[in-house]
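# Commentary on secondary and tertiary structure
Below, each chain spelled out in residue letters.
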Amino acid sequence: MKYITGYVGVVGKTNAGKSSLVNRLVGEKVSIVTPKTQTTRQNIIGILTKENYQIVFVDTPGIHKSQNMLDKFMMKNVRHAIGSVDVLLYVVDATKRFDVKEFENIKNYAQNPNFATILLISKVDLVSKANLMKFLGNFATLDCVKTIIPCSSKTGVNQDVIIEEILKWLPSFSEKNFEFDDDMYTSSSVRFMTAEIIREKALFLLNEELPHGLAIDITKFDENGTVAHIDVDLICEKENHKSIILGKGGTKIKEIGSQSRSDIEKLLDKKVMLKIFVKVDKNWRQKKITVV
Ligand SMILES: Nc1nc2c(ncn2[C@@H]2O[C@H](COP(=O)(O)OP(=O)(O)OP(=O)(O)O)[C@@H](O)[C@H]2O)c(=O)[nH]1
Ligand SMILES: [Mg+2]
């Protein structure tokens, strides 16, 4: 038997659908997904293991201009991922306008001999066939990519084609040498995933009201007893953001707390006592980033 395994980077502009794709391909929620831009802030590993293959996906923060320490940290993550993969999935959102600069960027990746670049046109469930054909036409001269696959993480269309194509470009071995245990679907710690769940619920529930400046700091994480006790600081950048997060009579923060708790209980498989404190730190995005 032949065993196939290797790393697959998932890159593209922010909001292109990278994390949704990784979750769908892995079949587990490894990365949070929100309608907001710049949701993913660091590389996240998603692992798909079958009898004769293990694909290790690296979901990355969306490519954008660096402005502060957080942006720089995010772009460093993207460069790091690109430096160590066998296959690169470049994700372009079919609902957005064609971007010539991005086209050149993809061309550069595709000419890199260190990995095979596959172009994915995402969210095709949202566009008509005619518009999709027109959009695909923009990439007609991009002959250096291995293939172009229109796909949707919502309907699941072409997910099997993506896996087949990835397997063509990963190294194969005569011995099983998988890096991760067969039942592992991510390398993230439960502590990190807990913080991400809370950030996802906050971003969702505050979507229209608040810009990006939210961070989660877990100050207590005790999962030893029958009930897990978790305290977190939800950090925002302005005093008036704090009142938006709290909501009238604390209703918003209660909703964030109860939606988060329900997901964290599923993750930890036990009851959770979750306390969220809203704090203001107007400079947190300028500070050195440490990974939870
Ligand atoms: N209809 C539809 N929506 C999608 C699809 N894929 C992603 N979305 C939506 O697009 C938005 C962004 O998705 P994400 O998966 O978070 O995008 P991302 O590229 O990881 O974004 P960043 O982490 O910010 O770089 C979310 O609202 C998703 O629900 C799809 O195939 N179809
Ligand atoms: Mg993401």
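Predicted, not measured: the structure shown is a model, and the values here were computed from it.

One way to put it is that helix α7 (residues 239-246) packs onto helix α8 (residues 251-268) with a least axis distance of 5 Å and a crossing angle of 65 degrees. Within the contact between the two elements, α7 uses I244, I245 and L246 and α8 uses T251, K252, I253 and I256.

For the coordinates displayed, the defined rule picks out six aromatic pairs. Between F135 and F139 the ring centres are 5.6 Å apart and the planes differ by 65 degrees, which places this aromatic pair in the edge-to-face class. Each of the two residues, F135 as well as F139, counts as buried. Ring pairing ties together the aromatic residues F98, F103, F135 and F139, which thus form one cluster.

Quick look at unusual backbone geometry now. Its identity is not glycine, yet Q38 carries a phi of approximately 55 degrees, on the positive side. Note on placement: Q38 falls in the loop between α1 (18-26) and β2 (44-50). Accessibility expressed as a relative area gives 19% for Q38, which makes it buried. Even without being glycine, D269 reaches a positive phi, approximately 60 degrees. Mapped onto the secondary structure, D269 falls in the loop between α8 and β10 (271-280). Note on D269: relative accessible area 69%, which makes it exposed.

V92, I106, L119, I121 and F139 are the most contacted members of the largest nonpolar core, which totals 28 residues. Residue assignment for this core shows that the elements contributing at least two residues are α2 (69-82), β4 (87-93), α3 (100-110), β5 (116-122) and α4 (129-137). Considering every element that reaches this core, the biggest residue donor is α2, with five residues. When residues are assigned to domains, this core turns out to be shared by domain 1 (3-173) and domain 2 (190-286), each giving three or more.

One open sheet accounts for three strands, arranged β8-β9-β10; its pairing is mixed. Looking at strand neighbours, the two that pair on one side only are β8 (215-222) and β10, the edges of this open sheet. Each strand of the sheet is rotated relative to its neighbour by a mean of 20 degrees, with strand direction disregarded. Pairing of strand β9 (residues 227-236) with β10, which is carried by 10 bridges, proceeds in the parallel orientation. Each residue of the ladder has a partner; that of I230, found in β10, is L274. Relative to the sheet, helix α6 (residues 190-205) contacts β8, β9 and β10, its axis offset from that of β8 by approximately 135 degrees. Relative to β10, α7 is tilted by about 150 degrees, and along the sheet it contacts β9 and β10.

Cut-offs applied
Residues numbered from 1 in each chain as written. Chains lettered and ligands numbered in written order. Predicted model: local features only at pLDDT ≥ 70, side-chain atom pairs only at ≥ 80, totals over all residues. Heavy atoms only, no water. Axes fitted to C-alpha atoms, helices over the stretch in contact; angles between N-to-C directions. Helix = DSSP H or I, 4+ residues; strand = E, 2+ residues; numbered from the N terminus. Contact = heavy atoms within 4.5 Å. Phe/Tyr/Trp six-rings, centres within 6.5 Å; stacked < 30°, edge-to-face > 60°. Buried < 20%, exposed > 50% of the residue type's maximum accessible area, 1.4 Å probe, protein only. Core = buried A, V, L, I, M, F, W, Y, C linked by side-chain atoms within 4.5 Å. Domains from an automatic or database assignment. Pairing = 2+ DSSP bridges.

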